[in-house]
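# Architecture and fold: a report
These are the residues of each chain, in order.
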Protein chains: 2
Amino acid sequence: MDVDFQKGGGLVPAIIQDEQNGDVLMLGFMNAEALRETQRASEVMFFSRSRNKLWKKGETSGHVLRVREIRLDCDADALLVRVEAVGPGVCHEGYRSCFFRAIEAGGEARLVAERTFSPDKVYGQEKAR
Amino acid sequence: MDVDFQKGGGLVPAIIQDEQNGDVLMLGFMNAEALRETQRASEVMFFSRSRNKLWKKGETSGHVLRVREIRLDCDADALLVRVEAVGPGVCHEGYRSCFFRAIEAGGEARLVAERTFSPDKVYGQEKAR
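We now turn to the structure provided with this report. Everything numeric in this text was worked out from a predicted model, so none of it was measured.

Rules used throughout
Sequence positions are assigned chain by chain, starting from 1 and proceeding in written order. For naming, the first written chain is A and the first written ligand is 1, with later ones following in the order written. Local features in a predicted model are, by the rule used here, given only for residues with pLDDT of at least 70; side-chain atom pairs are given and counted only at 80 or more, and totals for whole chains, interfaces and linings are based on all residues. In computing side-chain properties, one takes all heavy atoms of the structure into account and sets aside hydrogens as well as water. Secondary structure elements are defined from DSSP: runs of H or I of at least 4 residues count as helices, runs of E of at least 2 residues count as strands, and each element is numbered from the N terminus. This radius of gyration counts C-alpha atoms alone. The globule rule is 2.2 Å times how many residues there are, raised to the power 0.38. Under the scheme applied here, a residue whose accessible area is under 20% of the maximum for its type counts as buried, over 50% as exposed, and between as partly exposed, the area being computed with a 1.4 Å probe on protein chains only. Contacts between residues were defined by any pair of non-hydrogen atoms, one from each residue, lying within 4.5 Å. Areas reported as accessible are Shrake-Rupley estimates using a 1.4 Å probe. Residue values count occlusion only from the protein chains shown. Here Asp and Glu are counted as negative and Lys and Arg as positive; His is not counted, and neither are the chain ends. Lysine's charge is taken at NZ, arginine's at CZ, aspartate's at CG and glutamate's at CD. Put simply, buried area is the surface a 1.4 Å probe can reach on two separate parts but cannot reach once they are joined, added for both. By definition, a salt bridge exists where a carboxyl oxygen of Asp or Glu is found within 4 Å of a side-chain nitrogen of Lys or Arg. Each polar contact in these results corresponds to two N or O atoms within 3.5 Å; when the atoms are within protein, one needs to be able to donate a hydrogen and the other to accept it, and residues that are neighboring in sequence are counted only if both atoms are side-chain atoms. Following the grouping adopted for this structure description, the nonpolar residues are Ala, Val, Leu, Ile, Met, Phe, Trp, Tyr, Cys and Pro, the charged ones are Asp, Glu, Lys and Arg, and the polar ones are all others, Gly among them. Only strands that DSSP links by at least two bridges are regarded as paired with each other. The reported arc concerns the directions from the helix axis to the C-beta atoms and nothing else.

## Things to note about the overall build of chain A
Looking only at helices and strands, one finds 2 helices and 8 strands in chain A. Start at the N end of chain A and walk to the C end: the helices and strands fall as β-β-α-β-β-β-β-β-β-α. Relative to a compact globule of 129 residues, whose C-alpha radius of gyration would be 14 Å, chain A shows 15 Å and is just as compact. Its C-alpha atoms give chain A principal-axis dimensions of roughly 40 × 35 × 30 Å. Every one of the 129 residues in chain A was classed for burial, and the buried ones make up 52%. Taking all contacts inside chain A whose residues are at least 6 apart in sequence as the whole, residues at least 24 apart take part in 43%. For chain A, the computed accessible surface area is about 5900 Å², with 41% contributed by carbon and sulfur atoms. A distance of 5 Å separates the average location of the 19 positive side-chain charges in chain A from that of its 20 negative side-chain charges.

## Description of the interface of chain A and chain B
By a frequent convention, interface size equals the accessible area lost on bringing the separate parts together. With 41 residues of chain A at the interface, the matching set in chain B holds 41 residues. For the pair chain A and chain B, the summed buried surface comes to about 3500 Å²; carbon and sulfur atoms form 60% of the total. Across the contact surface, chain A and chain B share 4 salt bridges. Here chain A and chain B share 18 residue pairs in polar contact (both at pLDDT 80 or more) between them. Only β1 (12–18), β2 (24–30), β5 (65–72), β6 (79–85), β7 (101–103) and β8 (109–111) of chain A provide two or more residues apiece to the side of chain A that touches chain B. A per-element tally of the side of chain A that touches chain B places β5(A) first, with 4 residues. Taken together, the residues of the side of chain A that touches chain B break down into 22 nonpolar, 6 polar and 13 charged. Looking at chain direction, β7(A) and strand β5 (residues 65–72) of chain B are connected through 2 bridges and run antiparallel. Each bridged residue has a counterpart across the sheet, and for Arg101(A) the counterpart in β5(B) is Leu72(B).

## Some details on helix α1 (residues 32–41) of chain A
Within α1(A), burial applies to Ala34(A), Leu35(A), Thr38(A) and Gln39(A). Relative to the axis of α1(A), the buried residues are bounded by an arc of 130° and lie together on one face. Facing away from the buried side of α1(A) by over 90 degrees, the exposed positions are Arg36(A) and Arg40(A). Contact partners of the buried residues in α1(A): β2, β3 (45–48), β4 (53–56), β5 and β6 of chain A together with β7 (101–103) of chain B. Directly beyond the C-terminal end of α1(A), a positive phi value near 55° is found at Ser42(A).

In structure tokens, the structure reads:
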């Protein structure tokens, strides 16, 4: 079963889901190399669109994502990676999930989660992830 | 809070999650118009990259996705849409979720779900969604 990297210009979206409770933690993109490396190491690696390079989740924070299962969708152009998330949260802003805000039709955003760690302590000044 | 459509060339990935049990049902893309229409109607509309046009989920099958909440990630470039999914499944291949296969490092795929409806009966010959 081949993953279709073509449609997204070499990248596929990879949804990261907590295997234990089903929470969606974040979304990143993978190219073929990131997926291979993720499968090899059983820890999630992404391709960063802004920095244009591979990026190991948790390389700064230690909050790595241990892969339990990788699912592929019907069109083979999106991945669902079910993980054990090491540490108090995956978000560089200090939340368990990057999806910590809800948006309303008017554009207002509202917090739907509480901070679980201090991003300054974990990431220092550089705010890498 | 503005959604960043720029980074993805006018599109953002939208993860569809069953609000009741946390299952990830599918992933689609939205442009600004699809998001506005989704918010207006409280039913999910995508932008189809292959057909290059707006696409109402469930327009053929009646399996619409009723929006309960829309979350935005920290970078404002991905959406998590929590829904009530009407009908036996969202996938045009007859499954509850489009992520019905797991992939192994060797490339083999393995079914992790069972069919919940007959795609031929629901979609007829056209296999639209």
